[in-house]
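Working through the structure, step by step
Below are the chains, spelled out letter by letter.
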Amino acid sequence: MGRALRWILPLAGIALFLWWASYATTIVLWELRKLTPWLVLLTLVAVLAAVPPVVSAVVRRGEHQPDWVSALAWLGALIGLALGIGWLFHDSYQRDRDYASAMTVVDDPVPGLAARAPYLVGKAQAAPNLGDVTGEIFDITYLPDADRFGTLVERRGWLSGYEVGLVQQVPLGSNGRSSQRCAFDLEAAGARVGGWFGHNLGRLIANEQRWVRFDERDVYVYCDGDTPMVVVPLKRQVGVLTVTERPAGAALYNGRSGQLTITNDTARIPGPTYPISLAARQREGTAAVGGFADWWAERGGWDASDDGANEGNNSEFTLRFTDGTGSAYVTPLTPQGEASSVVAVSTVPTRQNGLGLAPMTVHRLNPTWSSPEAVVALIKAEYRDACCWNSDRVFEVVPTGGTTWTATIGSEQSIRYRIEGRGQVDGREATCLKSAEGALIRCAYAAPGSPEEQELKRIEEQKRAQEQPGQTGDLSRLTDQQLADLNKRLAEEMNRRLTTG
(Lines give C-alpha, C1' and ligand atoms only; values in the text may rest on other atoms or scores of the structure.)
Protein backbone atom coordinates (compact mmCIF):
# COMPACT_ATOMS: atom_id res chain seq x y z
CA MET A 1 0.00 0.00 0.00
CA GLY A 2 2.83 2.39 0.92
CA ARG A 3 4.62 1.72 -2.36
CA ALA A 4 1.41 2.48 -4.29
CA LEU A 5 0.95 5.74 -2.44
CA ARG A 6 4.49 6.79 -3.36
CA TRP A 7 3.42 6.67 -7.01
CA ILE A 8 -0.19 7.80 -6.70
CA LEU A 9 0.41 10.96 -4.68
CA PRO A 10 3.05 12.53 -6.99
CA LEU A 11 0.99 11.68 -10.07
CA ALA A 12 -2.10 13.21 -8.47
CA GLY A 13 -0.11 16.33 -7.62
CA ILE A 14 1.14 16.63 -11.19
CA ALA A 15 -2.41 16.16 -12.51
CA LEU A 16 -3.76 18.87 -10.18
CA PHE A 17 -0.97 21.25 -11.22
CA LEU A 18 -1.68 20.69 -14.90
CA TRP A 19 -5.38 21.27 -14.30
CA TRP A 20 -4.61 24.50 -12.44
CA ALA A 21 -2.18 25.67 -15.13
CA SER A 22 -4.95 26.08 -17.69
CA TYR A 23 -3.06 28.59 -19.83
CA ALA A 24 0.13 26.52 -20.13
CA THR A 25 -1.72 23.26 -20.77
CA THR A 26 -3.87 24.93 -23.43
CA ILE A 27 -0.79 26.16 -25.27
CA VAL A 28 1.00 22.81 -24.97
CA LEU A 29 -1.98 20.81 -26.21
CA TRP A 30 -2.67 23.30 -29.01
CA GLU A 31 0.92 23.13 -30.28
CA LEU A 32 1.08 19.34 -29.92
CA ARG A 33 -2.05 18.94 -32.04
CA LYS A 34 -0.48 21.17 -34.69
CA LEU A 35 2.49 18.79 -34.68
CA THR A 36 0.29 15.71 -35.23
CA PRO A 37 1.70 14.97 -38.75
CA TRP A 38 5.23 14.91 -37.33
CA LEU A 39 4.12 12.68 -34.47
CA VAL A 40 2.60 10.32 -37.06
CA LEU A 41 5.93 10.29 -38.91
CA LEU A 42 7.91 9.42 -35.75
CA THR A 43 5.36 6.75 -34.82
CA LEU A 44 5.60 5.10 -38.24
CA VAL A 45 9.40 5.05 -38.08
CA ALA A 46 9.43 3.62 -34.55
CA VAL A 47 6.76 0.98 -35.15
CA LEU A 48 8.06 -0.30 -38.49
CA ALA A 49 11.61 -0.39 -37.15
CA ALA A 50 10.51 -2.35 -34.08
CA VAL A 51 8.37 -4.95 -35.89
CA PRO A 52 11.21 -7.25 -37.16
CA PRO A 53 13.06 -7.50 -33.79
CA VAL A 54 9.82 -8.02 -31.84
CA VAL A 55 8.57 -10.72 -34.22
CA SER A 56 11.98 -12.41 -34.20
CA ALA A 57 12.14 -12.35 -30.40
CA VAL A 58 8.69 -13.91 -30.09
CA VAL A 59 9.42 -16.64 -32.64
CA ARG A 60 12.96 -17.52 -31.55
CA ARG A 61 12.29 -17.10 -27.79
CA GLY A 62 15.59 -15.81 -26.52
CA GLU A 63 17.83 -17.28 -29.21
CA HIS A 64 20.43 -15.05 -30.82
CA GLN A 65 18.85 -12.90 -33.53
CA PRO A 66 20.42 -13.20 -36.99
CA ASP A 67 21.88 -10.17 -38.80
CA TRP A 68 19.03 -10.00 -41.27
CA VAL A 69 16.68 -8.91 -38.43
CA SER A 70 18.67 -5.70 -37.99
CA ALA A 71 18.61 -5.17 -41.73
CA LEU A 72 14.84 -5.57 -41.72
CA ALA A 73 14.59 -3.11 -38.82
CA TRP A 74 16.53 -0.49 -40.81
CA LEU A 75 14.39 -1.19 -43.85
CA GLY A 76 11.25 -0.77 -41.73
CA ALA A 77 12.56 2.55 -40.41
CA LEU A 78 13.20 3.78 -43.97
CA ILE A 79 9.73 2.67 -45.09
CA GLY A 80 8.22 4.42 -42.05
CA LEU A 81 10.17 7.57 -42.89
CA ALA A 82 8.94 7.52 -46.49
CA LEU A 83 5.35 6.93 -45.41
CA GLY A 84 5.62 9.67 -42.78
CA ILE A 85 6.94 12.21 -45.28
CA GLY A 86 4.15 11.25 -47.64
CA TRP A 87 1.67 11.80 -44.82
CA LEU A 88 3.09 15.29 -44.18
CA PHE A 89 2.20 16.35 -47.73
CA HIS A 90 -1.13 14.53 -47.67
CA ASP A 91 -2.01 16.20 -44.36
CA SER A 92 -1.30 19.66 -45.83
CA TYR A 93 -3.56 18.84 -48.77
CA GLN A 94 -6.30 17.56 -46.46
CA ARG A 95 -6.14 20.69 -44.33
CA ASP A 96 -6.53 22.87 -47.43
CA ARG A 97 -9.47 20.73 -48.55
CA ASP A 98 -11.06 21.09 -45.13
CA TYR A 99 -10.82 24.89 -45.23
CA ALA A 100 -12.07 24.91 -48.84
CA SER A 101 -15.11 22.81 -47.90
CA ALA A 102 -17.07 26.01 -47.15
CA MET A 103 -16.21 27.53 -50.54
CA THR A 104 -18.67 28.15 -53.37
CA VAL A 105 -17.52 29.28 -56.82
CA VAL A 106 -20.10 31.33 -58.75
CA ASP A 107 -20.27 33.40 -61.91
CA ASP A 108 -22.55 35.96 -60.25
CA PRO A 109 -21.24 39.52 -60.02
CA VAL A 110 -19.73 40.73 -56.77
CA PRO A 111 -22.40 42.36 -54.54
CA GLY A 112 -22.23 46.15 -54.28
CA LEU A 113 -19.59 47.26 -51.77
CA ALA A 114 -19.25 50.71 -50.20
CA ALA A 115 -15.99 52.58 -50.63
CA ARG A 116 -14.12 53.48 -47.45
CA ALA A 117 -10.95 55.29 -46.48
CA PRO A 118 -7.89 53.08 -47.15
CA TYR A 119 -6.61 51.10 -44.20
CA LEU A 120 -3.16 52.73 -44.42
CA VAL A 121 -4.78 56.18 -44.16
CA GLY A 122 -6.73 55.14 -41.08
CA LYS A 123 -3.53 53.74 -39.61
CA ALA A 124 -1.57 56.93 -40.32
CA GLN A 125 -4.21 59.17 -38.76
CA ALA A 126 -4.37 57.27 -35.47
CA ALA A 127 -1.19 58.60 -33.86
CA PRO A 128 -1.91 62.34 -34.45
CA ASN A 129 -5.30 61.95 -32.73
CA LEU A 130 -4.07 60.22 -29.58
CA GLY A 131 -3.22 63.46 -27.77
CA ASP A 132 -1.14 63.04 -24.61
CA VAL A 133 -1.26 59.23 -24.63
CA THR A 134 2.18 57.77 -23.88
CA GLY A 135 1.49 54.17 -24.92
CA GLU A 136 2.16 52.33 -28.16
CA ILE A 137 -0.37 51.36 -30.80
CA PHE A 138 -1.11 47.63 -30.65
CA ASP A 139 -3.80 47.25 -33.31
CA ILE A 140 -5.92 49.22 -35.79
CA THR A 141 -9.10 47.63 -37.14
CA TYR A 142 -11.85 48.90 -39.41
CA LEU A 143 -15.28 48.61 -37.77
CA PRO A 144 -17.70 48.31 -40.69
CA ASP A 145 -20.89 48.60 -38.62
CA ALA A 146 -19.95 52.10 -37.47
CA ASP A 147 -17.74 53.02 -40.46
CA ARG A 148 -14.94 53.84 -38.02
CA PHE A 149 -11.37 52.75 -37.31
CA GLY A 150 -10.67 51.36 -33.83
CA THR A 151 -7.19 51.79 -32.35
CA LEU A 152 -5.98 49.87 -29.30
CA VAL A 153 -3.06 51.41 -27.38
CA GLU A 154 -0.83 49.49 -24.96
CA ARG A 155 0.48 51.09 -21.82
CA ARG A 156 4.26 51.03 -21.51
CA GLY A 157 5.80 48.66 -18.98
CA TRP A 158 5.98 44.92 -18.38
CA LEU A 159 3.28 44.61 -15.74
CA SER A 160 0.64 46.75 -17.44
CA GLY A 161 -2.34 46.45 -19.75
CA TYR A 162 -3.94 48.78 -22.27
CA GLU A 163 -4.09 52.55 -21.89
CA VAL A 164 -6.83 53.85 -24.20
CA GLY A 165 -9.07 52.91 -27.08
CA LEU A 166 -9.53 55.39 -29.93
CA VAL A 167 -12.43 55.17 -32.37
CA GLN A 168 -12.16 57.66 -35.22
CA GLN A 169 -14.05 58.55 -38.36
CA VAL A 170 -11.84 58.83 -41.44
CA PRO A 171 -14.14 60.04 -44.22
CA LEU A 172 -13.29 59.75 -47.88
CA GLY A 173 -14.40 63.33 -48.42
CA SER A 174 -13.79 66.51 -46.46
CA ASN A 175 -17.12 66.49 -44.61
CA GLY A 176 -15.48 66.54 -41.22
CA ARG A 177 -14.14 63.83 -39.00
CA SER A 178 -14.69 62.84 -35.41
CA SER A 179 -12.88 60.74 -32.85
CA GLN A 180 -13.62 59.32 -29.41
CA ARG A 181 -11.18 58.22 -26.74
CA CYS A 182 -12.13 55.82 -23.97
CA ALA A 183 -9.60 55.23 -21.21
CA PHE A 184 -8.90 51.94 -19.43
CA ASP A 185 -8.99 51.72 -15.66
CA LEU A 186 -5.32 50.99 -15.05
CA GLU A 187 -5.98 49.31 -11.69
CA ALA A 188 -9.11 47.24 -12.39
CA ALA A 189 -8.33 46.32 -16.01
CA GLY A 190 -4.61 45.69 -16.23
CA ALA A 191 -4.47 42.75 -18.67
CA ARG A 192 -3.43 42.73 -22.32
CA VAL A 193 -2.54 40.29 -25.06
CA GLY A 194 1.02 39.12 -24.45
CA GLY A 195 1.17 40.60 -20.94
CA TRP A 196 3.20 39.12 -18.11
CA PHE A 197 1.85 36.85 -15.36
CA GLY A 198 -1.57 38.02 -14.15
CA HIS A 199 -1.57 40.81 -16.72
CA ASN A 200 -1.87 38.30 -19.58
CA LEU A 201 -5.29 38.46 -21.25
CA GLY A 202 -4.75 35.01 -22.78
CA ARG A 203 -4.32 33.56 -19.28
CA LEU A 204 -7.63 35.10 -18.17
CA ILE A 205 -9.37 33.62 -21.22
CA ALA A 206 -7.91 30.16 -20.54
CA ASN A 207 -9.13 30.35 -16.95
CA GLU A 208 -12.65 30.93 -18.25
CA GLN A 209 -12.56 28.45 -21.15
CA ARG A 210 -9.83 25.95 -21.90
CA TRP A 211 -8.59 24.76 -25.28
CA VAL A 212 -9.39 27.95 -27.20
CA ARG A 213 -6.84 30.40 -28.56
CA PHE A 214 -6.72 33.48 -30.74
CA ASP A 215 -4.57 35.38 -33.22
CA GLU A 216 -3.23 38.80 -32.20
CA ARG A 217 -4.27 40.38 -35.50
CA ASP A 218 -7.92 39.52 -34.77
CA VAL A 219 -8.04 41.57 -31.55
CA TYR A 220 -9.57 45.06 -31.60
CA VAL A 221 -11.30 47.68 -29.45
CA TYR A 222 -14.47 49.74 -29.58
CA CYS A 223 -15.92 52.32 -27.21
CA ASP A 224 -19.21 51.55 -25.47
CA GLY A 225 -19.86 55.07 -24.29
CA ASP A 226 -16.82 55.86 -22.14
CA THR A 227 -16.01 52.18 -21.62
CA PRO A 228 -13.37 50.53 -23.82
CA MET A 229 -14.31 47.00 -24.84
CA VAL A 230 -11.59 44.68 -26.15
CA VAL A 231 -12.92 42.02 -28.52
CA VAL A 232 -10.95 38.78 -28.92
CA PRO A 233 -12.42 36.44 -31.59
CA LEU A 234 -11.62 32.91 -30.45
CA LYS A 235 -10.69 29.72 -32.33
CA ARG A 236 -10.78 26.02 -31.47
CA GLN A 237 -9.16 22.95 -33.01
CA VAL A 238 -11.03 20.06 -34.60
CA GLY A 239 -9.92 16.75 -36.12
CA VAL A 240 -7.70 13.88 -34.99
CA LEU A 241 -5.02 13.18 -37.57
CA THR A 242 -5.78 16.25 -39.69
CA VAL A 243 -6.19 19.20 -37.31
CA THR A 244 -7.83 22.43 -38.47
CA GLU A 245 -9.38 25.46 -36.78
CA ARG A 246 -12.94 26.69 -36.28
CA PRO A 247 -14.42 29.80 -34.67
CA ALA A 248 -15.29 29.52 -30.99
CA GLY A 249 -17.18 32.69 -30.11
CA ALA A 250 -15.53 35.81 -28.74
CA ALA A 251 -14.10 37.09 -25.47
CA LEU A 252 -15.14 40.59 -24.33
CA TYR A 253 -12.82 42.38 -21.91
CA ASN A 254 -14.31 45.38 -20.11
CA GLY A 255 -11.67 48.11 -19.88
CA ARG A 256 -13.28 49.75 -16.87
CA SER A 257 -14.17 46.83 -14.61
CA GLY A 258 -11.75 44.20 -15.89
CA GLN A 259 -14.63 41.74 -16.33
CA LEU A 260 -14.11 39.03 -18.96
CA THR A 261 -17.09 37.51 -20.78
CA ILE A 262 -16.96 34.67 -23.31
CA THR A 263 -19.99 34.38 -25.56
CA ASN A 264 -21.19 32.68 -28.72
CA ASP A 265 -23.85 35.35 -29.22
CA THR A 266 -21.82 37.95 -31.12
CA ALA A 267 -24.64 39.74 -32.94
CA ARG A 268 -24.48 42.79 -30.67
CA ILE A 269 -20.73 43.31 -30.97
CA PRO A 270 -20.19 46.32 -33.28
CA GLY A 271 -17.31 44.92 -35.24
CA PRO A 272 -16.00 41.84 -37.07
CA THR A 273 -16.37 38.75 -34.90
CA TYR A 274 -15.29 36.11 -37.42
CA PRO A 275 -11.47 35.86 -37.13
CA ILE A 276 -9.80 37.54 -40.09
CA SER A 277 -6.92 35.06 -39.68
CA LEU A 278 -9.38 32.21 -40.26
CA ALA A 279 -10.83 33.96 -43.32
CA ALA A 280 -7.29 34.29 -44.70
CA ARG A 281 -6.66 30.58 -44.07
CA GLN A 282 -9.84 29.69 -45.94
CA ARG A 283 -8.67 31.76 -48.89
CA GLU A 284 -5.33 29.96 -48.88
CA GLY A 285 -7.22 26.66 -48.86
CA THR A 286 -8.54 27.35 -52.37
CA ALA A 287 -5.29 25.76 -53.59
CA ALA A 288 -7.01 22.39 -53.01
CA VAL A 289 -10.01 23.19 -55.20
CA GLY A 290 -8.79 20.54 -57.66
CA GLY A 291 -7.23 17.14 -57.04
CA PHE A 292 -4.02 16.24 -55.25
CA ALA A 293 -2.00 16.44 -58.48
CA ASP A 294 -3.19 20.01 -59.11
CA TRP A 295 -2.46 20.93 -55.50
CA TRP A 296 1.02 19.39 -55.69
CA ALA A 297 1.86 21.19 -58.93
CA GLU A 298 0.33 24.48 -57.64
CA ARG A 299 -1.97 24.84 -60.61
CA GLY A 300 -5.31 24.96 -58.80
CA GLY A 301 -7.08 27.67 -56.84
CA TRP A 302 -6.11 31.31 -56.48
CA ASP A 303 -3.65 33.58 -54.73
CA ALA A 304 -4.22 37.04 -53.27
CA SER A 305 -3.17 39.73 -55.73
CA ASP A 306 0.29 40.82 -54.59
CA ASP A 307 2.08 42.91 -57.21
CA GLY A 308 3.05 45.79 -54.90
CA ALA A 309 0.18 48.17 -55.71
CA ASN A 310 -1.62 47.35 -52.45
CA GLU A 311 1.55 46.99 -50.43
CA GLY A 312 0.83 46.86 -46.71
CA ASN A 313 -2.76 45.67 -47.15
CA ASN A 314 -3.47 43.46 -50.14
CA SER A 315 -6.07 40.96 -48.90
CA GLU A 316 -9.12 40.61 -46.65
CA PHE A 317 -10.34 44.18 -47.20
CA THR A 318 -13.16 44.78 -44.71
CA LEU A 319 -15.97 46.39 -46.74
CA ARG A 320 -19.68 47.06 -46.18
CA PHE A 321 -22.38 45.89 -48.57
CA THR A 322 -24.24 48.82 -50.10
CA ASP A 323 -27.63 47.17 -49.47
CA GLY A 324 -27.02 47.28 -45.72
CA THR A 325 -26.97 43.49 -45.24
CA GLY A 326 -23.63 43.46 -43.45
CA SER A 327 -19.97 43.37 -44.38
CA ALA A 328 -17.34 40.97 -45.67
CA TYR A 329 -13.63 40.30 -45.96
CA VAL A 330 -13.00 40.90 -49.67
CA THR A 331 -9.90 39.81 -51.60
CA PRO A 332 -9.00 40.20 -55.31
CA LEU A 333 -7.64 36.87 -56.56
CA THR A 334 -5.16 35.95 -59.27
CA PRO A 335 -4.40 32.50 -60.72
CA GLN A 336 -1.52 30.59 -59.20
CA GLY A 337 1.64 31.17 -61.18
CA GLU A 338 3.01 34.25 -62.94
CA ALA A 339 -0.31 35.70 -64.11
CA SER A 340 -1.20 38.92 -62.28
CA SER A 341 -4.66 39.57 -63.76
CA VAL A 342 -7.44 39.64 -61.19
CA VAL A 343 -9.79 36.85 -62.28
CA ALA A 344 -11.98 36.45 -59.19
CA VAL A 345 -13.00 38.09 -55.93
CA SER A 346 -13.58 36.19 -52.68
CA THR A 347 -15.93 37.28 -49.92
CA VAL A 348 -16.18 35.92 -46.37
CA PRO A 349 -18.71 37.37 -43.87
CA THR A 350 -17.20 39.35 -41.00
CA ARG A 351 -19.97 38.17 -38.68
CA GLN A 352 -19.74 34.80 -36.97
CA ASN A 353 -22.84 32.65 -37.27
CA GLY A 354 -22.46 29.47 -35.26
CA LEU A 355 -19.25 27.54 -34.60
CA GLY A 356 -18.55 26.31 -38.14
CA LEU A 357 -16.57 27.81 -40.99
CA ALA A 358 -18.13 30.89 -42.53
CA PRO A 359 -19.23 30.47 -46.16
CA MET A 360 -16.64 31.75 -48.61
CA THR A 361 -17.90 32.79 -52.04
CA VAL A 362 -15.54 33.13 -55.00
CA HIS A 363 -17.02 35.34 -57.73
CA ARG A 364 -15.46 34.74 -61.14
CA LEU A 365 -15.00 38.02 -63.05
CA ASN A 366 -16.02 38.50 -66.66
CA PRO A 367 -14.25 40.48 -67.95
CA THR A 368 -11.23 40.00 -65.73
CA TRP A 369 -9.25 42.94 -64.40
CA SER A 370 -5.74 43.94 -65.18
CA SER A 371 -3.42 43.70 -62.22
CA PRO A 372 -3.64 46.45 -59.58
CA GLU A 373 -0.16 47.55 -60.62
CA ALA A 374 -1.40 48.12 -64.17
CA VAL A 375 -4.40 50.03 -62.77
CA VAL A 376 -2.06 52.35 -60.86
CA ALA A 377 0.01 52.94 -64.00
CA LEU A 378 -3.18 53.78 -65.92
CA ILE A 379 -4.27 56.28 -63.28
CA LYS A 380 -0.92 58.05 -63.36
CA ALA A 381 -1.07 58.25 -67.15
CA GLU A 382 -4.72 59.29 -67.58
CA TYR A 383 -5.09 61.65 -64.65
CA ARG A 384 -1.77 63.43 -64.36
CA ASP A 385 -3.35 66.59 -62.97
CA ALA A 386 -4.83 64.58 -60.08
CA CYS A 387 -2.03 62.08 -59.40
CA CYS A 388 0.51 62.19 -58.01
CA TRP A 389 1.89 65.43 -56.63
CA ASN A 390 4.10 65.95 -53.57
CA SER A 391 3.31 63.12 -51.15
CA ASP A 392 0.12 62.03 -52.94
CA ARG A 393 -0.12 58.42 -54.07
CA VAL A 394 -2.59 55.79 -55.20
CA PHE A 395 -3.87 53.77 -52.27
CA GLU A 396 -5.89 50.55 -52.22
CA VAL A 397 -7.33 49.23 -55.49
CA VAL A 398 -10.33 47.34 -54.12
CA PRO A 399 -13.49 45.71 -55.52
CA THR A 400 -16.68 47.75 -55.11
CA GLY A 401 -19.24 45.41 -56.66
CA GLY A 402 -20.08 43.97 -60.05
CA THR A 403 -16.90 44.19 -62.11
CA THR A 404 -15.99 47.59 -60.67
CA TRP A 405 -12.83 48.56 -58.83
CA THR A 406 -12.11 51.74 -56.91
CA ALA A 407 -8.78 53.37 -56.15
CA THR A 408 -8.20 56.34 -53.88
CA ILE A 409 -5.73 59.19 -54.45
CA GLY A 410 -4.25 61.50 -51.86
CA SER A 411 -1.92 61.55 -48.89
CA GLU A 412 -2.12 59.66 -45.62
CA GLN A 413 -3.73 62.71 -44.03
CA SER A 414 -6.15 63.69 -46.79
CA ILE A 415 -7.93 61.75 -49.53
CA ARG A 416 -8.60 64.00 -52.54
CA TYR A 417 -9.95 61.82 -55.35
CA ARG A 418 -11.20 58.39 -56.19
CA ILE A 419 -10.94 56.54 -59.50
CA GLU A 420 -13.62 54.06 -60.51
CA GLY A 421 -13.23 51.66 -63.41
CA ARG A 422 -14.23 48.31 -64.82
CA GLY A 423 -12.43 45.51 -66.54
CA GLN A 424 -9.14 45.69 -68.41
CA VAL A 425 -7.32 49.00 -68.44
CA ASP A 426 -6.93 48.83 -72.22
CA GLY A 427 -10.61 48.02 -72.79
CA ARG A 428 -13.47 50.32 -73.70
CA GLU A 429 -14.90 50.40 -70.23
CA ALA A 430 -15.53 53.52 -68.17
CA THR A 431 -12.65 54.82 -66.07
CA CYS A 432 -13.68 57.98 -64.28
CA LEU A 433 -12.20 60.52 -61.89
CA LYS A 434 -14.43 61.54 -59.01
CA SER A 435 -14.04 63.78 -56.02
CA ALA A 436 -13.42 62.09 -52.69
CA GLU A 437 -17.12 62.54 -51.93
CA GLY A 438 -18.06 60.72 -55.15
CA ALA A 439 -19.01 63.62 -57.47
CA LEU A 440 -18.12 62.82 -61.10
CA ILE A 441 -15.43 65.09 -62.56
CA ARG A 442 -14.51 63.46 -65.86
CA CYS A 443 -13.85 60.11 -67.54
CA ALA A 444 -10.89 58.95 -69.57
CA TYR A 445 -13.40 57.15 -71.75
CA ALA A 446 -17.12 56.73 -71.27
CA ALA A 447 -18.73 53.97 -73.31
CA PRO A 448 -21.70 55.12 -75.43
CA GLY A 449 -24.92 54.78 -73.49
CA SER A 450 -23.18 54.14 -70.19
CA PRO A 451 -24.34 55.86 -66.99
CA GLU A 452 -21.07 57.78 -66.99
CA GLU A 453 -21.69 59.17 -70.46
CA GLN A 454 -25.21 60.22 -69.49
CA GLU A 455 -23.96 61.94 -66.35
CA LEU A 456 -21.25 63.78 -68.28
CA LYS A 457 -23.82 64.94 -70.84
CA ARG A 458 -26.05 66.19 -68.04
CA ILE A 459 -23.16 68.12 -66.49
CA GLU A 460 -22.23 69.62 -69.87
CA GLU A 461 -25.82 70.64 -70.62
CA GLN A 462 -26.05 72.20 -67.19
CA LYS A 463 -22.93 74.21 -67.84
CA ARG A 464 -24.21 75.44 -71.20
CA ALA A 465 -27.54 76.41 -69.68
CA GLN A 466 -25.83 78.41 -66.97
CA GLU A 467 -23.60 80.15 -69.50
CA GLN A 468 -26.53 81.42 -71.59
CA PRO A 469 -26.77 85.23 -71.96
CA GLY A 470 -28.72 86.87 -69.19
CA GLN A 471 -28.15 84.05 -66.76
CA THR A 472 -24.57 84.58 -65.66
CA GLY A 473 -24.78 88.37 -65.60
CA ASP A 474 -28.08 89.25 -63.91
CA LEU A 475 -28.36 86.87 -60.98
CA SER A 476 -31.82 88.13 -60.07
CA ARG A 477 -33.21 86.45 -63.20
CA LEU A 478 -31.97 83.01 -62.13
CA THR A 479 -34.33 80.47 -60.62
CA ASP A 480 -33.55 78.99 -57.22
CA GLN A 481 -32.31 75.77 -58.83
CA GLN A 482 -30.11 77.68 -61.32
CA LEU A 483 -28.65 79.77 -58.52
CA ALA A 484 -27.91 76.66 -56.47
CA ASP A 485 -26.25 74.99 -59.47
CA LEU A 486 -24.15 78.09 -60.11
CA ASN A 487 -23.04 78.19 -56.49
CA LYS A 488 -22.08 74.51 -56.67
CA ARG A 489 -20.05 75.07 -59.86
CA LEU A 490 -18.26 78.02 -58.25
CA ALA A 491 -17.34 75.93 -55.20
CA GLU A 492 -16.11 73.02 -57.36
CA GLU A 493 -13.97 75.33 -59.50
CA MET A 494 -12.43 77.00 -56.46
CA ASN A 495 -11.70 73.61 -54.92
CA ARG A 496 -10.16 72.38 -58.19
CA ARG A 497 -7.85 75.40 -58.45
CA LEU A 498 -6.81 75.20 -54.82
CA THR A 499 -6.02 71.48 -55.01
CA THR A 500 -4.27 71.53 -58.39
CA GLY A 501 -2.42 74.77 -57.86
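Refer to the structure presented above.
Residues numbered from 1 in each chain as written. Predicted model: local features only at pLDDT ≥ 70, side-chain atom pairs only at ≥ 80, totals over all residues. Heavy atoms only, no water.

Quick look at the pairing of strand β8 (residues 227-238) now. Summarising burial for β8: ten of the twelve residues are buried, a large majority. Where strand β6 (residues 212-213) and β8 come together, two bridges link them in antiparallel fashion. Paired with Arg 213 across the two strands is Lys 235, which belongs to β8. Taken together, the five bridges between strand β7 (residues 220-224) and β8 define a ladder with antiparallel strand orientation. Note on β8: the bridge partner recorded for Tyr 222 is Met 229. Strand direction decides the pairing type here: β8 and strand β9 (residues 244-254), joined by nine bridges, are antiparallel. The partner of Gln 237 across the bridge, within β9, is Glu 245. (Buried < 20%, exposed > 50% of the residue type's maximum accessible area, 1.4 Å probe, protein only. Helix = DSSP H or I, 4+ residues; strand = E, 2+ residues; numbered from the N terminus. Pairing = 2+ DSSP bridges.)

Let us now look at the packing of aromatic side chains. Within the structure shown, the criterion is met by ten aromatic pairs. Aromatic pair Tyr 162 and Phe 184: ring centres 5.7 Å apart, planes at 45 degrees, arrangement tilted. One end of the pair, Tyr 162, is in strand β4 (residues 162-168); the other, Phe 184, is in the loop between β5 (179-183) and α6 (201-208), with 22 residues separating them in the sequence. Pair check on accessibility: Tyr 162 and Phe 184 agree, each one buried. Chaining the aromatic ring pairs together yields one cluster made of Phe 89, Tyr 93, Phe 292, Trp 295 and Trp 296. For Arg 116, the ring lying beneath its charged end belongs to Tyr 142, and the centroid distance is 5.3 Å. (Phe/Tyr/Trp six-rings, centres within 6.5 Å; stacked < 30°, edge-to-face > 60°. Lys NZ or Arg CZ within 6 Å of the ring centre and 35° of its normal.)

Throughout the structure, instances matching the rule amount to two disulfides. The disulfide partner of Cys 182 is Cys 223, and the S-S distance across this bridge is 2.0 Å. Here the disulfide of Cys 182 and Cys 223 is left-handed, its torsion about the S-S bond being about -75 degrees. Here Cys 182, found in strand β5, pairs with Cys 223, found in strand β7; they are 41 residues apart in sequence, far enough to count as distant. Across the disulfide from Cys 432 sits Cys 443; the S-S distance is 1.9 Å. (Disulfide = S-S within 2.5 Å.)

A few words now on the nonpolar core. Where a protein is soluble and globular, its nonpolar side chains tend to be buried together. Ranked by internal contacts, the top residues of the largest apolar core, which has 26 residues, are Ile 379, Val 394, Trp 405, Ile 409 and Ile 419. Contributing elements (two or more residues each) for this core: β12 (317-320), β13 (327-335), β14 (342-349), β15 (360-369), α9 (372-382), β16 (393-399), β17 (404-411) and β18 (414-422). Membership of the second largest hydrophobic core comes to 18 residues, among which are Ala 191, Val 219, Val 221 and Val 230. (Core = buried A, V, L, I, M, F, W, Y, C linked by side-chain atoms within 4.5 Å.)

Right, let's get into the sheet that holds strand β19 (residues 431-435). The strand order β16-β17-β18-β19-β20 describes an open sheet built from five strands, whose pairing is antiparallel. Each edge of the open sheet carries a strand with a single partner, namely β16 and β20 (440-445). Put simply, the sheet's adjacent strands are angled 20 degrees from each other on average, direction ignored. Sitting on the sheet, α9 is in contact with β16, β17, β18, β19 and β20, with an inclination near 130 degrees to β16. (Axes fitted to C-alpha atoms, helices over the stretch in contact; angles between N-to-C directions. Contact = heavy atoms within 4.5 Å.)

What follows concerns the pattern of salt bridges. Tallied over the full model, the rule gives 17 salt bridges. Between Glu 31 and Lys 34 there is a salt bridge, with its nearest N and O atoms 3.6 Å apart. Taken together, the residues span about one helical turn, with Glu 31 and Lys 34 both in helix α2 (residues 22-34) at a distance of three residues. For Glu 31, a relative accessible area of 31% translates into the label partly exposed. You can call Lys 34 partly exposed: its relative accessible area is 47%. When the shortest N-O distance is used, the salt bridge between Arg 217 and Asp 215 registers 3.6 Å. (Salt bridge = Lys/Arg side-chain N within 4 Å of Asp/Glu carboxyl O.)

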